[in-house]
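Chains, contacts and geometry: an overview
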Number of protein chains: 2
Amino acid sequence: MEDIGLLVLGHGSTLPYNKALVEELAGMIKRKHPGPVRTAYLNANDPKIPEGLMSFAGTNVRKIVAIPLFLAAGVHTLEDIPRELGIPKGKHVGVIKIDGRDVEVTCAEPLGVDECIADLAYRRARESF
Amino acid sequence: MEDIGLLVLGHGSTLPYNKALVEELAGMIKRKHPGPVRTAYLNANDPKIPEGLMSFAGTNVRKIVAIPLFLAAGVHTLEDIPRELGIPKGKHVGVIKIDGRDVEVTCAEPLGVDECIADLAYRRARESF
């Protein structure tokens, strides 16, 4: 798995909180994954997604998996992010050149429904009881 | 806690996935909480937040805690949602009338950084390895 790069994607925001969250979560993911981990943003923050892909130069990855830090699928995860990643419409995998080599690019599903999200949300609620 | 109502809030979307996620997570939260649980949306879906608040009519809640299903703080959680909830600017609690009685309204923090989000994101990534 050392040859798989992870590109952790945030929505981006004019306020600092989205970028801070994405960077902290990427730091946690880095401790789980043996390959390189980078971050990028759809809007408002840098690096944008194309620069994020190019930030794997020099790493020898053969594949990049984008991880959209979005709760649900929507226009951002179904259209905007695949387009920015260079994944052809209707396909799940694109190919880009990094350091002159072909590198596969694909995108993970958004976080989605999971009991851990419900637990965390209810914990946040109880802080306000 | 039977007299605390939870209003689970989604961003809303023209696609069906955000509403489906919010409803499923609200169902999970309902199994943890002894009081009434409702849902509402900032944009695109119904009920909107004011209607969501009014949906606690007949429940005898003395307090409503909104749970924004958003990962990070931002303009939506800091400005748009408190405004729709009727929480005065600069305050953490508002008061609305339901069934002729005063009901406190407050808003929980967004989900934020948590190891469980990093675990879930990395699980989604591995599905694409």
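Residues numbered from 1 in each chain as written. Chains lettered and ligands numbered in written order. Predicted model: local features only at pLDDT ≥ 70, side-chain atom pairs only at ≥ 80, totals over all residues. Heavy atoms only, no water.

In the annotation of an unreviewed UniProt entry, the entry for chain A reads Cobalamin (Vitamin B12) biosynthesis CbiX protein, and the organism field reads Methanothrix thermoacetophila.

**Description of the overall build of chain A**
Regarding its fold elements, chain A presents four helices and five strands. By the compact-globule yardstick of 14 Å for 129 residues, chain A fits well, its C-alpha radius of gyration being 15 Å. Principal-axis analysis of the C-alpha atoms gives chain A an extent of 55 × 30 × 30 Å. Here chain A holds 129 residues, and 53% of them are scored as buried. The contacts of chain A with a sequence gap of at least 6 include a subset with a gap of at least 24, amounting to 67%. About 5,800 Å² of surface is accessible on chain A, with carbon and sulfur atoms providing 51% of the total. Of the side chains in chain A, 16 bear a positive and 17 a negative charge, and the two mean positions are spaced by 2 Å. (Helix = DSSP H or I, 4+ residues; strand = E, 2+ residues; numbered from the N terminus. Rg over C-alpha atoms; globule rule 2.2 N^0.38 Å. Buried < 20%, exposed > 50% of the residue type's maximum accessible area, 1.4 Å probe, protein only. Contact = heavy atoms within 4.5 Å. Areas by Shrake-Rupley, 256 points an atom, 1.4 Å probe, with all protein chains shown as cover. Lys, Arg positive; Asp, Glu negative; His and termini not counted. Charge placed at Lys NZ, Arg CZ, Asp CG, Glu CD.)

**Re the layout of surface pockets**
Taken as a whole, the largest pocket encloses approximately 760 Å³ of empty space. Taken together, 33 residues form the lining of the largest pocket, with His11, Phe70 and His76 of chain A together with His11 and Phe70 of chain B sitting closest to its centre. Sorting the residues of the lining of the largest pocket by element identifies helix H1 (17-30) and helix H3 (75-85) of chain A together with helix H1 (17-30) and helix H3 (75-85) of chain B as the ones contributing at least two each. Here the residues of the lining of the largest pocket are counted per class, giving 16 nonpolar, 17 polar and no charged. Taken as a whole, the second largest pocket spans an internal volume of roughly 480 Å³. Around the second largest pocket, the lining is made up of 19 residues, and of these Thr77, Leu78, Pro82, Lys91 and His92 of chain A lie nearest the centre. When residues of the lining of the second largest pocket are traced back to their parent elements, those giving at least two are H3 and strand S5 (101-107) of chain A. Ranked by residues supplied to the lining of the second largest pocket, first place goes to H3 of chain A with five residues. A class-by-class count of the residues in the lining of the second largest pocket yields nine nonpolar, five polar and five charged. (1 Å grid on protein atoms, 1.4 Å probe; cavity = no way out; pocket = protein on both sides within 12 Å on 5 of 7 lines; lining within 4 Å. Points joined across faces, edges and corners; volume = space filled by probe spheres on them. Nonpolar A, V, L, I, M, F, W, Y, C, P; charged D, E, K, R; others polar.)

**Concerning the relation of the copies chain A and chain B**
Each copy superposes on the other: chain A lies on chain B with an RMSD of 0.0 Å after a rotation of 180 degrees and an axial shift of 0.0 Å. Each copy turns onto its partner about a two-fold axis. Among all C-alpha atoms of chain A, that of Cys116 of chain A lies closest to the rotation axis, at 3.2 Å. When the interface residues of chain A are mapped onto chain B, 100% of them are again interface residues, pointing to one common binding face. (Least-squares fit on C-alpha atoms with pLDDT ≥ 70 in both.)

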